[in-house]
Amino acid sequence: PEKRLTNEDLAQMVDTNDEWITQRTGIKERRIAAENESTATLAVQAGRRAIESAGLKPDDIDLVIVATITPEMMFPSTACTVAYQLGCVGKAAFDLSAACTGFVYALHTASAFVRSGQFQNVLIIGAETLSRVTDYTDRASCIIFGDGAGAVVVSRSKEPNTGLLYGQIHSDGGPLSEAMLLKPGSRHPITQELLACRDQYMKIKGREVYKFAVSKFEELIRDAMTVCELTPQTLSLIIPHQVNQRIIDSAMEKLALPSEKAYVNIDRYGNTSAASIPIALDEAFRAGRIRKGDHVIFVAFGGGLTWGNAVVRM
Ligand code: UT7
């Protein structure tokens, strides 16, 4: 979306300031969906551009996966309306909910469908309108999130040793599963009491998530590099979920990797959950940071908890 919400804007809304937000998160501004925009409208824009960039027509797409935690509505799935609006008529479509790990989960899912021979081209879209579930009276969370969408097409290739080379996805629904929470649902239907507690908005426990994220990022990058025998020289780029500049910096430092090996754009978009990796991927491509043959690592963790990595040779 075009609309920007800066740190200065937030300082007018809650007790915060640009210095605190910049130092603790690296975020300077985020994008916010306009009234006439929604997860589906952002997803359609990103999906259309991805299909065009891949040199395909909508009819060539066999499956549309929308990774999101801010779906258009509870049901039907956002993917159904997005596939329809893109002109992927009659094609398979479903949503995938893995919070900030949504894009990595979707990449593994798409790859499995392509490898099995069932589908030739799968469109994956990470799309979020987190502003719709953000409590703009809660300074602990409202500074973090932004809206956006990014998309890729995963296709069957005859070239050996390209595409998704390796990766793993995980979950843990134990105690930390409530560290990031949006209550309305079958366990907590919407009631006056729920609304009075502002539980229609996302709640986060930033500290707990922070500690988990730092160790997971380090572990997932190390695992990807070890299994694929990548060195700081042969690894082209890491595209991490844009969670917090400090979390990314700390993992890179522990791995003794130069900070420029991680692509970071959190300063301009904040945390856009499932959309953050595909948005960063698109920017990295356009900036010439990724070329054919490069090894790129995607790494993410998020609500659920969920986490995963993926090594892709472009
Ligand atoms: O993608 C997954 C979802 N993401 C997350 O769940 C976020 C992960 N966590 C984080 O990114 C960081 O933990 C935060 C950015 C949320 C918070 O940074 P922190 O360094 O962990 O700060 P903190 O929560 O420990 O708070 C430090 C202080 C507190 O004051 P006291 O108790 O030390 O007096 C907070 O009340 O900063 C205060 N604080 C703020 N001050 C100014 C909290 N939020 C703000 C704010 N502006 N927006």
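Refer to the structure presented above.
Keep in mind that what you see is a predicted model, and the values were worked out from it rather than measured. (Residues numbered from 1 in each chain as written. Predicted model: local features only at pLDDT ≥ 70, side-chain atom pairs only at ≥ 80, totals over all residues. Heavy atoms only, no water.)

Colleague: Go over the nonpolar core, please, and point to the residues and values.
Modeller: Counting residues in hydrophobic clusters, the biggest one holds 33 residues, and the most contacted among them are Ile124, Ile239, Ile290 and Phe298. Broken down by element, this core gets its largest block of residues, seven residues, from helix H5 (residues 102-116). If sequence neighbours within four positions are ignored, Ile124 has contacts with Ile65, Phe103, Ala106, Leu107, Ala110, Gly150, Ala151, Val152 and Val154. In this structure, Cys228, Ala251, Trp307 and Val311 belong to the second largest nonpolar core, which totals 30 residues. (Core = buried A, V, L, I, M, F, W, Y, C linked by side-chain atoms within 4.5 Å. Buried < 20%, exposed > 50% of the residue type's maximum accessible area, 1.4 Å probe, protein only. Helix = DSSP H or I, 4+ residues; strand = E, 2+ residues; numbered from the N terminus. Contact = heavy atoms within 4.5 Å.)

Colleague: I'd like to hear about the side chain of Arg30, residue by residue, with values.
Modeller: Along the chain, Arg30 turns up in strand S2 (residues 29-31). As a buried residue without a salt bridge, Arg30 has its nearest oppositely charged side chain in Asp9, at a separation of 7.0 Å. A polar side-chain atom of Arg30 sits 2.7 Å from a polar atom in the side chain of Asn7. A polar contact is formed between the side chain of Arg30 and the backbone oxygen of Ile143, at a distance of 2.9 Å. (Lys, Arg positive; Asp, Glu negative; His and termini not counted. Salt bridge = Lys/Arg side-chain N within 4 Å of Asp/Glu carboxyl O. Polar contact = N/O pair within 3.5 Å; in protein donor to acceptor, adjacent residues only side chain to side chain.)

Colleague: An account of the site of the ligand is needed here, citing residue identities and associated values.
Modeller: Close to the ligand lie 21 residues; Thr16, Arg207, Asn244, Arg246 and Asn271 are nearest. One of the side-chain nitrogen or oxygen atoms of Asn244 is found 2.8 Å away from an oxygen atom of the ligand. Against a free-state accessible area of 960 Å², the protein chains account for coverage of 75% of the ligand. Of all the secondary structure elements, the ones that give two or more residues to the shell around the ligand are helix H2 (18-25), helix H6 (139-142) and helix H8 (206-227). (Near = heavy atom within 4 Å. Areas by Shrake-Rupley, 256 points an atom, 1.4 Å probe, with all protein chains shown as cover.)

Colleague: Got a sec to walk through the sheet that holds strand S12 (residues 306-313)? Specific residues and values, please.
Modeller: Here four strands make up an open sheet; going across it, the order is S7-S12-S11-S10 and the pairing mixed. Each having just a single partner strand, strand S7 (163-171) and strand S10 (237-240) make up the two edges of the open sheet. Strand-to-strand twist in this sheet, taken as the mean axis angle between neighbours without regard to direction, amounts to 10 degrees. Sheet analysis places S7 next to S12, joined by eight bridges and oriented antiparallel. By the bridge assignment for S12, Gln168 is matched with Asn309. The sheet contacts of H5 involve S7, strand S11 (295-302) and S12, and relative to S7 the element is tilted by about 125 degrees. Sitting on the sheet, H8 is in contact with S7, S10, S11 and S12, with an inclination near 150 degrees to S11. (Pairing = 2+ DSSP bridges. Axes fitted to C-alpha atoms, helices over the stretch in contact; angles between N-to-C directions.)

Colleague: I'd like to hear about the packing of aromatic side chains, residue by residue, with values.
Modeller: In this structure the tally under the stated criterion is five aromatic pairs. Residues Phe217 and Phe301 carry aromatic rings whose centres are separated by 5.7 Å and whose planes lie at 80 degrees to one another, so their mutual orientation is edge-to-face. With Phe217 in helix H8 and Phe301 in strand S11, this residue pair connects regions lying 84 residues apart in the sequence. Across the pair, Phe301 and Phe217 agree in class, each one buried. One aromatic cluster is present, built from ring pairs that chain together Phe212, Phe217, Phe301 and Trp307. In this structure, Arg207 is placed above the aromatic ring of Tyr210, and the distance from its NZ or CZ to the ring centre is 5.9 Å. (Phe/Tyr/Trp six-rings, centres within 6.5 Å; stacked < 30°, edge-to-face > 60°. Lys NZ or Arg CZ within 6 Å of the ring centre and 35° of its normal.)

Colleague: Can you lay out helix H9 (residues 245-254) for me, pointing to particular residues and giving the numbers?
Modeller: Taken together, the buried positions of H9 are Ile247, Ile248, Ala251 and Met252. Viewed end-on, H9 has its buried residues packed into an arc of 130 degrees, placing them on one side of the element. Summarising the contacts, the buried residues of H9 are in contact with H8 and S10. Among the residues of H9, the N-terminal cap falls to Asn244, whose side-chain oxygen and the backbone nitrogen of Arg246 are separated by 2.8 Å. Just beyond H9, the residue with positive phi is Ala256, at close to 55 degrees. (Arc of directions from axis to C-beta.)

Colleague: Please set out the pattern of salt bridges residue by residue, giving values where relevant.
Modeller: Where charged atoms from two side chains of opposite charge approach closely, those side chains can pair. In total, this model carries 15 salt bridges according to the counting rule given. The partner of Glu178 in a salt bridge is Arg187, and the shortest N-O contact between them spans 3.2 Å. On the basis of relative accessible area, Arg187 is assigned to the exposed category, the value being 64%. Because the salt bridges share partners, they merge into one network encompassing Lys183, Asp199 and Lys203.

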